[in-house]
Amino acid sequence: MFPETFAETWIDQLSKPGDVVLDPFSGRGTTAFQSMLMGRKPIACDVNDVAYCVTRAKTQAPPLRALRRRLTMLEGDFSRASWSRKAGKMPEFFQYAYHRKTLSQLLYLRNKLKWRASDVDCMIAGLILGALHGETEKSPSYLSNQMPRTISTKPAYSVRFWQKHGFKAPERDAFQLLRKQATFRYESPPPAGDALILHRDMRQLPWISDQLPGPIGLVVTSPPYLDVTNFEEDQWLRLWFLGGPPYPTRGRISRDDRYERPDAYWAFIADMWRMLGALVAKNGHVVIRMGGRGIQPEEMVTKLSASSQFARRPVKLLFQTTSALKGRQTDAFLKGTRGCLSEIDCHFQF
Ligand SMILES: C[S@@+](CC[C@H](N)C(=O)[O-])C[C@H]1O[C@@H](n2cnc3c(N)ncnc32)[C@H](O)[C@@H]1O
């Protein structure tokens with residue numbers, strides 16, 4: 001996730017109120033949310049259900065009253081005994097990850113929430129996703145046993161870890177947490193305006209260009225990093241909550257898994273440029289934060305610039321910064337990843 005200030009700075013410099021701002025790899029929806037706060041019209045796209053749900057919740061927040069009403073209804077209809085029986089049949093990982101009461105509530109909510117069809121349910125699902133797992137030992141706002149917040153660790157590894165350290169899942173009440181989170185999230189009013197949030201592969205965007213609101217003057221985005229994370233596998237528990245299988249998968253959501261082999265990665269980035277070439281307005285700006293392992297930052301800038309030829313329109317590189325980072329949170333959980341992480345920011349103009 002890039003910080004809000006990153007999106008804010010570039011949106012402020014390169015667009016004005018009313019302009020359309022695109023993020024084809026929206027993740028947690030930072031660009032879309034910031035664009036709305038600044039009176040721009042965001043388009044956000046992501047292939048991953050978690051990203052889509054979170055971005056929609058952030059940008060299409062329902063009224064707090066409607067949210068509270070739905071929570072009261074859901075809690076009133078919850079029957080602990082029948083969901084507890086179902087909870088008892090879940091795989092071993094879940095028995096260690098959650099207290100039986102919490103797991104029963106999660107199974108019930110997973111079954112009841114129509115998050116694709118309803119903004120209210122999408123917000124509730126988004127709030128659960130934010131609390132589904134994390135550093136429970138430090139904070140009471142997570143529902144799980146001790147886990148990283150950023151990625152869902154693999155089932156067998158997690159069970160070994162909990163057994164070894166004697167960690168027990170805390171008794172947390174999902175409804176209580178939802179009510180607290182709702183109050184907290186609405187302390188500052190959600191941004192007004194329209195956002196177009198798309199759940200699809202960014203390569204399909206040119207095919208629906210007639211549905212997009214006007215020419216795209218600015219893109220602020222961050223594609224998957226090279227050899228750092230597989231969003232599908234690393235978000236498997238959140239994907240489960242949204243209806244996916246109760247184990248990590250690869251290739252179920254993304255049509256490809258191109259983020260490990262450099263040649264395939266750069267072919268994917270070429271696809272991104274093809275899409276941008278088809279959609280970005282004349283003189284439009286593109287700001288990209290990108291990273292990777294096992295590659296020097298300078299080489300990354302060179303390859304990113306070279307691949308812009310696939311846009312089939314002249315693109316100028318106006319600004320770049322590079323850095324080599326160590327000791328990121330990913331290091332602690334993805335043992336065996338190579339080299340330190342390079343990160344670059346590049347500003348291009350068509
Ligand atoms: C580095 S993250 C974006 C982080 C984001 N800037 C934020 O602040 O949270 C890259 C995102 O690209 C998405 N993604 C990967 N392949 C995609 C594709 N073919 N089309 C659209 N999104 C894709 C992943 O699901 C992931 O959410």
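Residues numbered from 1 in each chain as written. Predicted model: local features only at pLDDT ≥ 70, side-chain atom pairs only at ≥ 80, totals over all residues. Heavy atoms only, no water.

**Q** What am I meant to see in the packing of helix α13 (residues 262-279) against helix α14 (residues 297-307) here?
**A** What describes two packed helices is the angle between their axes and the distance between those same axes. For the pair α13 and α14, the least separation of the axes is 9 Å and the interaxial angle reads 45°. Looking at the two axes, α13 sits oblique to α14. The two elements α13 and α14 meet at a crossing, and its hand is right-handed. Every residue of α14 that contacts α13 at Tyr265, Trp266, Ile269, Met272 and Trp273 is listed here: Met300, Lys303, Leu304 and Ser307. Broken down by class, the residue content of the contact of α13 with α14 amounts to seven nonpolar, one polar and one charged. (Axes fitted to C-alpha atoms, helices over the stretch in contact; angles between N-to-C directions. Helix = DSSP H or I, 4+ residues; strand = E, 2+ residues; numbered from the N terminus. Parallel < 35°, antiparallel > 145°, perpendicular 65-115°, else oblique. Left-handed = near helix turned anticlockwise from the far one by under 90°. Contact = heavy atoms within 4.5 Å. Nonpolar A, V, L, I, M, F, W, Y, C, P; charged D, E, K, R; others polar.)

**Q** Before we go on, may I ask you to explain helix α9 (residues 155-165) in this structure?
**A** Spacing of three or four residues puts side chains on the same side of an α-helix, whose turn is 3.6 residues. Looking only at α9, the buried set comprises Ser158, Val159 and Trp162. Each buried residue of α9 sits inside an arc of 100° when the element is viewed along its axis, so together they form one side. Those residues of α9 that are exposed and angled more than 90 degrees off the buried face are Arg160 and Lys164. Residues of α9 that are buried sit in contact with α6 (92-97). Once α9 ends, the next one or two residues include Gly166, with phi positive near 65°. (Buried < 20%, exposed > 50% of the residue type's maximum accessible area, 1.4 Å probe, protein only. Arc of directions from axis to C-beta.)

**Q** Can you walk me through the nonpolar core in this structure?
**A** Among soluble globular proteins, nonpolar side chains are generally buried collectively. Counting 56 residues, the largest nonpolar core has Phe93, Phe94, Tyr98, Leu109, Ile128, Leu237 and Phe241 as the members making the most contacts within it. Among residues more than four places away in sequence, those in contact with Tyr98 are Leu103, Leu106, Leu132, Leu143, Ser144, Ala169 and Leu237. Grouped together as the second largest cluster of nonpolar side chains are 37 residues, Leu226, Val301, Ala311 and Phe350 included. (Core = buried A, V, L, I, M, F, W, Y, C linked by side-chain atoms within 4.5 Å.)

**Q** I keep staring at α13 and nothing clicks. Help me out?
**A** For α13, built from 18 residues, the straight-helix expectation of 26 Å at 1.5 Å per residue is met to within 8% by its first-to-last C-alpha distance of 26 Å. With 13 of its 18 residues buried, α13 lies for the most part within the structure. (Expected span 1.5 Å × (residues − 1).)

**Q** How should I be thinking about the pairing of strand β4 (residues 216-221) in this particular structure?
**A** Along any regular strand, the residues point their side chains to alternate faces of the sheet. Counting buried residues in β4 gives five out of six residues, a clear majority hidden from the surface. The sheet contact formed by strand β1 (residues 20-23) and β4 spans three bridges and is parallel. Its bridge partner being in β4, Val20 is matched across the sheet by Ile216. Here β4 runs beside strand β5 (residues 280-293); their pairing, made up of five bridges, is parallel. Directly across from Val219, in β5, lies its bridge partner Val286. (Pairing = 2+ DSSP bridges.)

**Q** I keep staring at the side chain of Arg289 and nothing clicks. Help me out?
**A** Its location among the elements puts Arg289 in strand β5. If we ignore the near neighbours within four places in the chain, the residues touching Arg289 are Phe2, Pro3, Phe6, Thr221, Ser222, Pro223, Tyr225, Glu343, Ile344 and Asp345.

**Q** Help me out: how do you make sense of the environment of Phe161 in this one?
**A** Here Phe161 lies in helix α9. Sequence separation of Phe161 and Gln146 is 15 residues, and the distance between their C-alpha atoms is 9.3 Å.

**Q** Help me out: how do you make sense of the domain arrangement of the chain in this one?
**A** Accessible area lost during the coming together of the parts is what is often quoted as the interface size. Along its sequence, the chain is carved into domain 1 (4-47 + 197-229 + 259-349) and domain 2 (64-185). Placing the centre of domain 1 and that of domain 2 at their C-alpha centroids yields a distance of 32 Å. (Domains from an automatic or database assignment.)

**Q** What am I meant to see in the site of the ligand here?
**A** Inspection of the region around the ligand gives 21 residues, with Arg28, Thr30, Asp46, Met202 and Tyr259 positioned closest. Arg28 is positioned such that a nitrogen or oxygen atom in its backbone is 2.9 Å from an oxygen atom of the ligand. The backbone of Val47 places a nitrogen or oxygen atom 3.4 Å from a nitrogen atom of the ligand. Residues that form the shell around the ligand fall into these classes: 11 nonpolar, five polar and five charged. (Near = heavy atom within 4 Å. Polar contact = N/O pair within 3.5 Å; in protein donor to acceptor, adjacent residues only side chain to side chain.)

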